Amino acid sequence: MDKFQTKDVFGIQRDIPLNYIEREADKIFIDSLDRGHHIVIFGSSKQGKTCLRKKNLNDKDYITVHCDNKMDLYNLNINILKQAGFTVQISETKTISGKAKIRVGFGWNLFGKADFDSELEGEKGNEKEYKPLELDPEDINDIIKALNSLDFNKYIVIEDFHYLKDETQVDFAIELKAFHENSKFTFIIVGVWLEENRLIALNGDLSGRVKSVNADEWTDQNLLDLIATGEELLNITIPENEKIKLIEKSLNNVYIVQEVCYEISIENGIKEQSDQTVLINCTNLENIISKVISQHSGRYNNLLTNISEGFQSTELEMHKWIMYAILKSDIEKLEIGLKRNEINILLQAEHPKKQDLNPGNLTQALKSIASLQVKKNTIPIIIDYDSSNLKLNIVDKGFLIWLSDQDKDELITEIGL
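Residues numbered from 1 in each chain as written. Predicted model: local features only at pLDDT ≥ 70, side-chain atom pairs only at ≥ 80, totals over all residues. Heavy atoms only, no water.

Undergrad: Which residues make up the packing of helix α8 (residues 220-234) against helix α9 (residues 240-249), and what are the values?
TA: Relative to each other, α8 and α9 sit at 130 degrees, their axes nearing to 10 Å. With respect to each other, α8 and α9 are oriented oblique. Considering the relative orientation of α8 and α9, their crossing is right-handed. Together, Asp-220, Leu-223, Leu-224, Ile-227 and Glu-231 of α8 and Glu-240, Lys-243, Leu-246 and Ile-247 of α9 make up the contact between the two elements. Looking at the contact of α8 with α9 residue by residue, the classes come out as 5 nonpolar, no polar and 4 charged. (Axes fitted to C-alpha atoms, helices over the stretch in contact; angles between N-to-C directions. Helix = DSSP H or I, 4+ residues; strand = E, 2+ residues; numbered from the N terminus. Parallel < 35°, antiparallel > 145°, perpendicular 65-115°, else oblique. Left-handed = near helix turned anticlockwise from the far one by under 90°. Contact = heavy atoms within 4.5 Å. Nonpolar A, V, L, I, M, F, W, Y, C, P; charged D, E, K, R; others polar.)

Here it is in structure tokens:
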């Protein structure tokens, strides 16, 4: 019988880890699938959003579209059609907005050319007859018609929704309501943010049509169960007090817990399931935690520079002052989120413009902070703004742990303040 490998139990991997545990988020996700709602899986970076979806769905039951910051609604819908199985060809006909329509087909012939036979026209005996289908990718009715022509019945997963431009997110949120009312298609939206009703904030009509699943919450007991499952699989024992210390120092970040458990196992010579129970020596635990966090120190340093520079040089330097507010705040405050009003009070006291500073400038800079990170290739994003609750959130807890070990005055000097 093959032994379990440490790399398949602890650490971050492409597949679902063998020590996966079910938690409250799994129950909410499964219940939402049964009720036919669109589903939004949200949470911080590397907190198990994709694993949750993969664990509770069979591969054959869904298609996946990965978003980027270059996609508009036109390209997003084309990608949905491609993943559904269509081949796509640009048409010479224009849409009302002036963009090119597309012709869609299903399958490829022996010469490698698309066989554009999509729209169901009728049946001859047991064989279906088709005619070419031309459509406008920005017209929701055309998209629904095309998917129906395939008798499409899979879930549609939209990964990395937070990378889309703000206007594209709004356009898709409007389209999502039409999908709910005029079809039976169910979307699963996955994004890095901490606000429960992000999509409802984009389109109030989605209220009651979308169910949110918080993948960010890992309780102490969840993480203890995760570690215990890994211990059982590898036949090892990690001292209880060391587990508690790890969870506390990781700020309940499952990524850090998994990586540290992997590193401490390897350090103790456990590369696979042990024949006899091994007590893990954790004297080097704190150094390993620092090692896991320091792997991202270059990325975190770049974040300080990239946010402070903003999109371009401006008189007010609002993004630099937002970073200043983050560096001046306690880690405990950053854990729960920094309110816009708190940032505004700090800036009115210390920004060169002081009381003459326009609060609208701050709001505009906060709303663009996610797109600024994407533009500067800070991926996944580390900082996000919750427009509903007017709060700046750190969505990468590793950044908070890293920040707690830094000389903040030195960092403030480095960003030029």
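Having seen the model, we can carry on.
Undergrad: Give me the lowdown on the nonpolar core, citing residues and values where you can.
TA: Formed by 68 residues in total, the largest nonpolar core has its most connected members in Met-323, Ile-326, Ile-383, Leu-392, Phe-399 and Leu-403. Considering each element in turn, this core owes the most residues, 8 residues, to helix α13 (residues 318-328). Residues in contact with Met-323, not counting those within four places in the same chain, are Leu-303, Leu-304, Ile-307, Ser-308, Ile-383 and Ile-415. Residues Met-71, Phe-86, Ile-140 and Ile-156 belong to the second largest nonpolar core, which totals 41 residues. (Core = buried A, V, L, I, M, F, W, Y, C linked by side-chain atoms within 4.5 Å. Buried < 20%, exposed > 50% of the residue type's maximum accessible area, 1.4 Å probe, protein only.)

Undergrad: Explain the confidence of the model for the chain to me, using residue names and the numbers behind them.
TA: Mean pLDDT over the chain works out to 88, with 94% of the residues at or above the 70 mark. Note that residues 108-130 has pLDDT below 50 and, in this model, 47 contacts with residues that lie over four places away or in other chains. (pLDDT = per-residue confidence, 0-100.)

Undergrad: Summarise the packing of aromatic side chains; cite the residues concerned and give the values.
TA: Considering all chains together, one arrives at 10 aromatic pairs under this definition. Centre to centre, the rings of Tyr-300 and Phe-399 are 5.4 Å apart; their planes meet at 65 degrees, and the pair counts as edge-to-face. Taken as a pair, Tyr-300 in helix α12 (residues 297-309) and Phe-399 in helix α18 (residues 397-404) lie far apart in primary sequence, 99 residues in all. The two residues Tyr-300 and Phe-399 agree in class, both being buried. Chaining the aromatic ring pairs together yields one cluster made of Phe-152, Phe-161, Phe-172, Phe-179, Phe-185, Phe-187 and Trp-193. In this structure, Arg-23 packs its charged tip against the face of Trp-218, placed 3.8 Å from the ring centre. For the cation-ring pair, Lys-46 lies above Tyr-255, with the distance from its terminal atom to the ring centre recorded as 5.0 Å. (Phe/Tyr/Trp six-rings, centres within 6.5 Å; stacked < 30°, edge-to-face > 60°. Lys NZ or Arg CZ within 6 Å of the ring centre and 35° of its normal.)

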